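Residues per chain are reported as follows:
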Amino acid sequence: MRPIQARISIGAMAHNLRVARSHAGDARLFAVVKANAYGHGLSRARRALAAADGFAVLTLEEAANLRLMGVEQPIVLLEGLFGADEIAACVELDLWPVLHRPAQLDWLQQQPPARPLQVFLKFDTGMHRLGFPLADHAAVVARTKRLAGVAGITLMTHFAQADEAAGVAWQLRPFLEELSAHGLPWSSANSAALLRYPESRGAWARPGLMLYGASPFAETTADQLGLRPAMTLRSEIIGVQQLRAGEGVGYGQLFRADRPTAVGVVACGYADGYPRHAPTGTPVLVDGRVSRTLGRVSMDMLCVDLSDCPGAGVGSPVVLWGEGMPVDAVATAAGTSSYELLCALAARVPVEETD
Ligand SMILES: *Cc1c(COP(=O)(O)O)cnc(C)c1O
């Protein structure tokens, strides 16, 4: 069998939820499990995160699956209704849609749900992606309150720079100033805000990334935040090459040896979800030692430097990311984010679930 495997730890996710809880004060937690729980598997995540107060997903299908799995907590649809035809399912599955544009209010007015729904009312405070303009809040809240199909409103916004030096105050202050008069519960915090800005907790926080054991911050590691990696992508060396000085390796011969170099060929490529644009020098754990990739990542293989791994050969274990090799370090070297790497784990990679 091809030796690649993703080990996904239920215990690590449960631990990371406890870390989220320790930052949440009185706020309740929506565990964000969109994108197949950031690549970890929806069913697995819902078991690991069963102690969450709710779950947040993108699609009706994900929500329906969670209900089939027995989830009884609230489920929020982060992008809300994509059409009026989704209202009935929200009633049936008891979902909380996010309302972020006028058409969604029109749908609820024209086709009132059989039972009133809890909704999140999303305001744009600077991200400029989804949400009603903050300046329209008086009219939007008043209209939503008048809808017979709405049982309760939680105000919501999303931060653009919670993980950066710019922080959340420039969005949170106007959000709270403008909306406090309505006296409604509110929700703003993603992982970065929950970890760094207690004033952003509100009634509901919405952590995602941290539950999977990655850090939202460039300058703080997941380990420093007390998080444990939930996914370890591992494989083995399936071939060894001895390069002479001047010889290259892989497509484009992007790496050329300046001295005799032992190269390990690893059974992992971009069709497994490893980033093709990871350059020579991307960190990788080979036989328990930190080494580096060499040359271009291929579809099914990549090459690693064995210079400082004297005992390594065919069959030696390789950790692409996870335990012993932070996914954040790989992401940084590859010019991307841990979000993208975790979500991109390919369906062809066998998963082994661990405690
Ligand atoms: C994905 C998402 C989150 C979770 O963000 P993390 O950075 O992964 O914690 C929270 N809120 C909304 C609206 C999202 O789309």
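The shown structure was predicted, so the numbers you read here are calculated from the model rather than taken from an experiment.

What counts, and at which threshold
- Residues numbered from 1 in each chain as written.
- Predicted model: local features only at pLDDT ≥ 70, side-chain atom pairs only at ≥ 80, totals over all residues.
- Heavy atoms only, no water.
- Helix = DSSP H or I, 4+ residues; strand = E, 2+ residues; numbered from the N terminus.
- Buried < 20%, exposed > 50% of the residue type's maximum accessible area, 1.4 Å probe, protein only.
- Areas by Shrake-Rupley, 256 points an atom, 1.4 Å probe, with all protein chains shown as cover.
- Arc of directions from axis to C-beta.
- Near = heavy atom within 4 Å.
- Polar contact = N/O pair within 3.5 Å; in protein donor to acceptor, adjacent residues only side chain to side chain.
- 1 Å grid on protein atoms, 1.4 Å probe; cavity = no way out; pocket = protein on both sides within 12 Å on 5 of 7 lines; lining within 4 Å.
- Sits in = over half its atoms within 2 Å of the grid points.
- Domains from an automatic or database assignment.
- Contact = heavy atoms within 4.5 Å.
- Buried area = accessible area lost by both parts, 1.4 Å probe.
- Salt bridge = Lys/Arg side-chain N within 4 Å of Asp/Glu carboxyl O.
- Nonpolar A, V, L, I, M, F, W, Y, C, P; charged D, E, K, R; others polar.

**Description of the overall build of the chain**
Here is step 1 of the chain: Helix and strand counts for the chain come out as 11 helices and 19 strands.
Here is step 2 of the chain: Here the C-alpha coordinates of the chain stretch approximately 75 × 40 × 35 Å along the principal axes.
Here is step 3 of the chain: The 355 residues of the chain split such that 56% are buried.
Here is step 4 of the chain: As displayed, the chain offers around 15,000 Å² of accessible surface, 51% of which is attributable to carbon and sulfur atoms.

**Overview of helix H7 (residues 137–146)**
Here is step 1 of the chain: Here H7 has its buried residues at His 137, Val 140, Val 141 and Thr 144. Taken end-on, H7 shows its buried residues confined to a sector of 95°, consistent with a single buried face. Looking at H7, the residues exposed on the side facing more than 90 degrees away from the buried face are Ala 139 and Arg 146.

**Remarks on unusual backbone geometry**
Here is step 1 of the chain: Positive phi, close to 50°, is recorded for Ala 35, a residue that is not glycine.
Here is step 2 of the chain: Tracing the backbone shows Ala 35 in helix H2 (residues 34–38).
Here is step 3 of the chain: Judged by relative accessible area, Ala 35 falls into the partly exposed class, the value being 39%.
Here is step 4 of the chain: Despite not being glycine, Asn 36 shows a phi value in the positive range, around 55°.

**What about the site of the ligand?**
Here is step 1 of the chain: Around the ligand, the surrounding shell holds 13 residues, and the nearest of these are Lys 34, Tyr 38, Ser 191, Leu 209 and Tyr 339.
Here is step 2 of the chain: The separation between an oxygen atom of the ligand and a polar side-chain atom of Lys 34 is 2.6 Å.
Here is step 3 of the chain: Within the side chain of Arg 206, a nitrogen or oxygen atom sits 2.9 Å from a nitrogen atom of the ligand.
Here is step 4 of the chain: Out of a free accessible area of 390 Å², the ligand has 92% covered by protein chains.
Here is step 5 of the chain: For the ligand, the cavity whose grid points lie within 2 Å of the majority of its atoms is the largest pocket.

**Let's talk about the domain arrangement of the chain**
Here is step 1 of the chain: Each domain of the chain was delimited in the assignment, giving domain 1 (10–212) and domain 2 (231–354).
Here is step 2 of the chain: Residue-level contacts link 10 residues of domain 1 with nine residues of domain 2.
Here is step 3 of the chain: Where domain 1 abuts domain 2, roughly 850 Å² becomes buried across the two surfaces, and 59% of that area is made up of carbon and sulfur atoms.
Here is step 4 of the chain: Contact with domain 2 buries surface across domain 1, with Tyr 38, Arg 44 and Leu 209 losing the most and accounting together for 51% of the total.
Here is step 5 of the chain: In this assembly, domain 1 and domain 2 are joined by two salt bridges.
Here is step 6 of the chain: Arg 47 is the partner of Glu 353 in a salt bridge, and the nearest nitrogen-oxygen pair spans 2.8 Å.
Here is step 7 of the chain: Mapped onto the side of domain 1 that touches domain 2, the elements with two or more residues apiece are helix H1 (10–24), H2 and helix H3 (42–48).
Here is step 8 of the chain: A per-class count over the side of domain 1 that touches domain 2 returns five nonpolar, three polar and two charged.

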